[in-house]
Amino acid sequence: SQTIHQWPATLVQPVGSPLSLECTVEGTSNPNLYWYRQAAGRGLQLLFYSVGIGQISSEVPQNLSASRPQDRQFILSSKKLLLSDSGFYLCAWTPKGQYSGYTFGSGTRLTVV
Amino acid sequence: KQEVTQIPAALSVPEGENLVLNCSFTDSAIYNLQWFRQDPGKGLTSLLLIQSSQREQTSGRLNASLDKSSGRSTLYIAASQPGDSATYLCAVRDNAGNMLTFGGGTRLMVKP
C-alpha cells in the first residue's frame, strides 16, 4: 500500500533562518506531488506542485521554493524565513490521471519567532 | 477561477442527530470532488471521492452527493457521534487536472 511521510511534525525557527521540510511517498512511482499551506484561520493554499523529477510549478510567489530531487521526494525550502511563513504545511500526492483522489501527509507545524 | 464555499462554517449538534454539510462551487467543469476530515493539528483524512459522472458515494454512516450542474455537494452524516467532531473540508479538482481547490471548512462539534 502507498504511504506518505512528512517531517518534522513541528518546527520553531527564528526569523531569517533557513527551512527544509521533506516529504516522501512509498509504494508508488511517478506520483504528482503537492505542497499546501494552511495559515491560522484561513483555508488551504496550494504552494507548489510537481509532475516529475525536477519539474516544479509555483502557484503563489513568495519566500519559499520547492525541489524534487528524486521521484518520490519533495522538499520545501526557504533561505530566510519570515514571520508570515508560519503555518501548517501539508504534502500531498496523487497518481497520474485526473480521476484520482488526493492523499495528504500528517503535516508540519512551523512557527517562525 | 474556481471558488468553493462551505456552509455552515461551524455546527454544534447533540449526539445522535443526522446532519448535512453543504459545499458549493462556481465552475462546474470539474473532474471530481473530495470530502476530507481534519482533526485539530492533524493532516487531512480522505472520506469520500465522487467523480463528476457520479451522483453519490457512501461509506458507513457517511453519504456524499454531487449535483455538478448546480455546483453543489452535500455530506450527510447519520447518527452523529462525539468522535465525529472535526473540521470537514470539501475540495474540487478542476479540469486542468492539477488543481485542488478547497472550501473554508465546516467545524463540527457533536456533544455527548
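### Quick word on the interface of chain B and chain A
Contacts between chain B and chain A engage 19 residues on the former and 22 residues on the latter. Interface area for chain B against chain A, summed over the two sides, is near 1,600 Å², with a carbon-plus-sulfur share of 55%. Connecting chain B to chain A are 0 salt bridges. Run the count over chain B and chain A and you get 6 residue pairs in polar contact (both at pLDDT 80 or more). For the side of chain B that touches chain A, the elements supplying multiple residues, two or more each, are strand 4 (30-38), strand 5 (44-51), strand 9 (86-94) and strand 10 (100-102) of chain B. Counting residues per element, the side of chain B that touches chain A draws most heavily on strand 4 of chain B, which supplies 5 residues. The class makeup of the residues in the side of chain B that touches chain A is 8 nonpolar, 9 polar and 2 charged.

### Description of the sheet that holds strand 7 (residues 65-70) of chain A
All names here are of chain A. Strand order in the open sheet formed by 4 strands is 1-3-8-7, and the pairing between neighbours is antiparallel. Of all the strands in the sheet, just strand 1 (3-7) and strand 7 have a single pairing partner and so form its edges. Strand-to-strand twist across the sheet, computed as the mean angle between neighbouring axes with direction ignored, equals 20°. Pairing of strand 1 with strand 3 (residues 19-26) involves 5 bridges; the strand directions are antiparallel.

### With respect to the sheet that holds strand 3 (residues 19-25) of chain B
All names here are of chain B. Taking strand neighbours across the sheet as the criterion, the 5 strands line up as 1-3-8-7-6 in an open arrangement whose pairing is antiparallel. The strands lining the two open edges of the sheet, one partner per strand, are strand 1 (4-7) and strand 6 (56-59). The sheet shows a mean angle of 15° between the axes of neighbouring strands, taken without regard to direction.

### A short note on the nonpolar core
Within the largest apolar cluster, 22 residues are counted, with the highest numbers of intra-cluster contacts made by B:F25, B:L33, B:W35, B:L75, B:I77, B:Y88 and B:L108. Among residues more than four places away in sequence, those in contact with B:L75 are B:L19, B:V20, B:L21, B:W35, B:L47, B:L48, B:L62, B:N63, B:A64 and B:Y88.

### Examining unusual backbone geometry
A negative phi holds for most residues other than glycine; trans holds for most peptide bonds. A:P8 follows A:W7 through a cis peptide bond whose omega is -5°. By the element assignment, A:P8 lies in the loop between strand 1 and strand 2 (10-13). In this structure, B:P8 follows B:I7 across a cis peptide bond, with omega equal to 0°. Its location among the elements puts B:P8 in the loop between strand 1 and strand 2 (10-14). Non-glycine residue A:N30 carries a positive phi angle of around 55°. With respect to the helices and strands, A:N30 occurs in the loop between strand 3 and strand 4 (32-38).

Basis of the calculations
- Residues numbered from 1 in each chain as written.
- Chains lettered and ligands numbered in written order.
- Predicted model: local features only at pLDDT ≥ 70, side-chain atom pairs only at ≥ 80, totals over all residues.
- Heavy atoms only, no water.
- Contact = heavy atoms within 4.5 Å.
- Buried area = accessible area lost by both parts, 1.4 Å probe.
- Salt bridge = Lys/Arg side-chain N within 4 Å of Asp/Glu carboxyl O.
- Polar contact = N/O pair within 3.5 Å; in protein donor to acceptor, adjacent residues only side chain to side chain.
- Helix = DSSP H or I, 4+ residues; strand = E, 2+ residues; numbered from the N terminus.
- Nonpolar A, V, L, I, M, F, W, Y, C, P; charged D, E, K, R; others polar.
- Pairing = 2+ DSSP bridges.
- Axes fitted to C-alpha atoms, helices over the stretch in contact; angles between N-to-C directions.
- Core = buried A, V, L, I, M, F, W, Y, C linked by side-chain atoms within 4.5 Å.
- Buried < 20%, exposed > 50% of the residue type's maximum accessible area, 1.4 Å probe, protein only.

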